[in-house]
Amino acid sequence: MREIMSEDACLIGVDVGTTNVKAGAFTPQGSALYIASAELQVNRPKPGWASYNPADLWGQTVRALIEVSRAIAGRFEPAAIAVSSMAETAIPIDARGMPVYQAIAWFDSRTTEQAEWWANTFGSEFIFARTGLPILPIFGINKLCWIKQHEPEIFSRIARWLSVSDYINYCLCGVEAAELSLASRVMALDLRSKRWSEDILGAAGISPSILGEPVPSSQILSQISAGAARITELAPSVRVVTGGHDHPCAALGAGVSETGLVLDSLGTSESLLVVLDSPMLEPKAAHLGFAQGCHVLRERYLCIGGLVTAGAAIDWARNIFFQEMARGDAYRRFEELAAQSAPGSGGVYFMPSLRAASPPHNDAYSRGVFIGLSSDTSLAHLARSVLEGLAYASYDSLRALRSVFRVEIKQIRAVGGPARNHLLMEMKAALANLPFSVVEIEEAACRGAAILAGLGVGIYESIRDVHRHIEFRESAVHAPAGWAQIYHEGYETVYRHIYPSVRDLHQRIARPG
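Everything numeric in this text was worked out from a predicted model, so none of it was measured. (Residues numbered from 1 in each chain as written. Predicted model: local features only at pLDDT ≥ 70, side-chain atom pairs only at ≥ 80, totals over all residues. Heavy atoms only, no water.)

(A) Summary view of the sheet that holds strand β23 (residues 474-476). Strand order across the open sheet formed by 7 strands is β17-β18-β16-β15-β21-β22-β23, with mixed pairing between neighbours. For this open sheet the edge positions go to β17 (291-294) and β23, each flanked by a neighbour on one side alone. Ignoring which end each strand starts from, the neighbouring axes of this sheet average 30° apart. Pairing between strand β15 (residues 261-266) and strand β16 (residues 270-276): 5 bridges, direction antiparallel. Considered in β16, the bridge of S265 is made with S271. Running at roughly 145° to strand β22 (residues 436-439), helix α15 (residues 422-432) makes contact with β15, β16, β21 (411-415) and β22 of the sheet. (Pairing = 2+ DSSP bridges. Helix = DSSP H or I, 4+ residues; strand = E, 2+ residues; numbered from the N terminus. Axes fitted to C-alpha atoms, helices over the stretch in contact; angles between N-to-C directions. Contact = heavy atoms within 4.5 Å.)

Shown next, in the form of structure tokens:
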């Protein structure tokens, strides 16, 4: 760590997530000085559609930054800022830098037809061999193709397609950039060359200029603009540094930067993230739904499995069971209710595919399932089965991740809001049968972004320097005696057979006629 830093220097990390914007000020030693949060509004004009107003994304970021700026004023001086964000959501802007359309949410399902076109025209192996991604509706190129097909006048005005992180950077300093970890989620980046694929963009009829020049994370873009400094109340000397995709940012913030460690990042969705030295683009992995991409650590890659619906499944169940109860009270009551049932939930199983199947199944038409209901089934059984279903689905992904990518996993570290659900963590620890811990950090993605800001301006010389100066505290999770056997038997005898048993039925439900 550079000795020439002033004692009052700090770093700002922002995380624009699915439901909230978080902004935090951190010391160079990684301690949070202050964290602010601002809620985002998701617009749902039609079933399956979801979007954000770009003005709201920026406005709520400003709101959180003002709160942080005022909290540290007179005590600490920010040196740099970096932004982490959800992936696959992007803002199309015109030549004047003005948004021309809503930001289609990553989980919006209107683009299923476009994903099917890629699958039918090129096939999953062709796409995977270049991008490291499965063919899914969520990826950015499907959103661009949807706009081109359904809103051609809007498409003709698009000058740049900016991920949420890149858009916030643009609002902060006026520089348009395409950070690599987020560019990896467009489904058009050649993962080996880290350049846009001419084959893919040519087939889509999309100019590479719309996507911009890919740049690595932790790169200085510019000093904050005078206008952005004024409205955020940040100092005009603050430098804007590229951040990245929220899951690898959270991994960095939780100290997961080596092979052998897995980050279990839990939020609305769940990401099981493994660090790779190089991408693995063999065809055998193309059909399983795992996604590879560039890490926020330069010259490193990542592979992500996990669940499309994680915290969202808990939220869905909580809302059904305790609709009239305040949100915080309902979450506590839900966990208490689940704890009243014995492991196994009275023979009830839940498959949490509420938005799509998760790896090792690549199926946009999959639906959620309760199975094993009887006249003896209670609310406690249902509540516990939801948590067990999340643990089973995560383990399903973890098993495939280990076998396909041949990674020797030494430890799993969990972060995020659902990691505070101790009962769920015990279930996951029982199934993983590996050292399992919860990282004691308030906002891992924010801290990861702040670390990238520090790397960009030279506060840290390297990732090794980061680990020399930042403490990564964690609490071990131990499953109660006997749970491992119960859950492994439940997985082998029932859970892993649910998806293949109902797959064709869900196809008929989702595609009537």
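Next comes the rest of the account.
(B) Structural detail: helix α2 (residues 112-121). Taken together, the buried positions of α2 are occupied by T112, Q114, A115 and W118. Seen from one end, α2 has its buried residues packed into an arc of 165°, which puts them on one side. Immediately beyond the C-terminal end of α2, within one or two residues, lies G123, with a positive phi of roughly 90°. (Buried < 20%, exposed > 50% of the residue type's maximum accessible area, 1.4 Å probe, protein only. Arc of directions from axis to C-beta.)

(C) Highlighting the pairing of strand β1 (residues 9-16). Counting buried positions along β1 gives 8 out of 8 residues, so the element sits mostly inside the fold. Note that β1 and strand β2 (residues 20-26) share 6 bridges and pair antiparallel. Residue pairing across strands places V14 opposite A23, the latter belonging to β2. Two successive antiparallel strands, β1 and β2, enclose a turn made up of 3 residues.

(D) Geometry of the environment of M351. Tracing the chain through its elements places M351 in strand β19 (residues 349-351). M351 gets classed as buried once you look at its relative accessible area, which sits at 4%. The spacing of M351 and A64 is 287 residues in sequence and 36 Å in space, taken between C-alpha atoms. Every residue in contact with M351, bar those within four places of it in the chain, is listed here: S366, R367, G368, V369, Y495, I498, Y499, V502 and H506.

(E) Region of the structure containing the pattern of salt bridges. Per the stated rule, a full pass over the model turns up 20 salt bridges. Salt-bridge contacts for E88 lead to R185; the nearest nitrogen and oxygen are separated by 2.5 Å. A residue pair is termed long-range when its members are at least 10 positions apart, and E88 in the loop between β5 (77-85) and β6 (90-93) and R185 in the loop between α7 (180-183) and β10 (189-190) qualify at 97 residues. For the pair formed by E88 and R185, the shared burial category is buried. Overlapping salt bridges, with partners in common, bring together D264, E270 and K428 in one network. (Salt bridge = Lys/Arg side-chain N within 4 Å of Asp/Glu carboxyl O.)

(F) Structural view of the packing of aromatic side chains. Using the criterion set out here, one finds 18 aromatic pairs in the structure. Seen in terms of ring centroids, W49 and W146 are 5.3 Å apart; in terms of plane orientation they differ by 90°. Their pairing is edge-to-face. Taken together, the residues span a long stretch of sequence, with W49 in the loop between β3 (32-39) and β4 (51-52) and W146 in helix α4 (residues 140-150) at a distance of 97 residues. Aromatic side chains F321 and F322 sit 6.2 Å apart centroid to centroid with 85° between the ring planes, which places their arrangement in the edge-to-face category. (Phe/Tyr/Trp six-rings, centres within 6.5 Å; stacked < 30°, edge-to-face > 60°.)

(G) Local environment of unusual backbone geometry. Put simply, P359 and P360 share a cis peptide bond, and its omega is 15°. Here P360 is to be found in the loop between β19 and β20 (369-371). Residue E299 is not a glycine yet carries a positive backbone phi of 70°. Of note, E299 is situated in the loop between β17 and β18 (301-307). Of note, S345 is a non-glycine position whose phi angle comes to about 50°, a positive value. Relative to the assigned elements, S345 resides in the loop between α13 (327-339) and β19. The class for S345 is buried, based on a relative accessible area of 0%.

(H) Just the sheet that holds β3, in detail. On the basis of which strands lie adjacent, the open sheet formed by 6 strands has the order β3-β2-β1-β5-β14-β13 and mixed pairing. Strands with a single pairing partner mark the edges of an open sheet, and in this sheet they are β3 and β13 (220-223). Across the sheet, the axes of successive neighbouring strands diverge by a mean angle of 20°, strand direction being ignored. In this sheet, strand β14 (residues 239-245) lies alongside β5 in parallel orientation, the contact comprising 5 bridges. Following the sheet pairing, A80 is matched in β14 by R239. Taken strand by strand, helix α11 (residues 246-253) contacts β1, β5 and β14, and its axis lies near 105° from that of β14.

(I) Broad picture of the side chain of T89. Structurally, T89 can be placed in the loop between β5 and β6. Under the relative-accessibility criterion, T89 is labelled buried at 1%. At 2.8 Å, the side chain of T89 and the backbone nitrogen of W106 are in polar contact. (Polar contact = N/O pair within 3.5 Å; in protein donor to acceptor, adjacent residues only side chain to side chain.)

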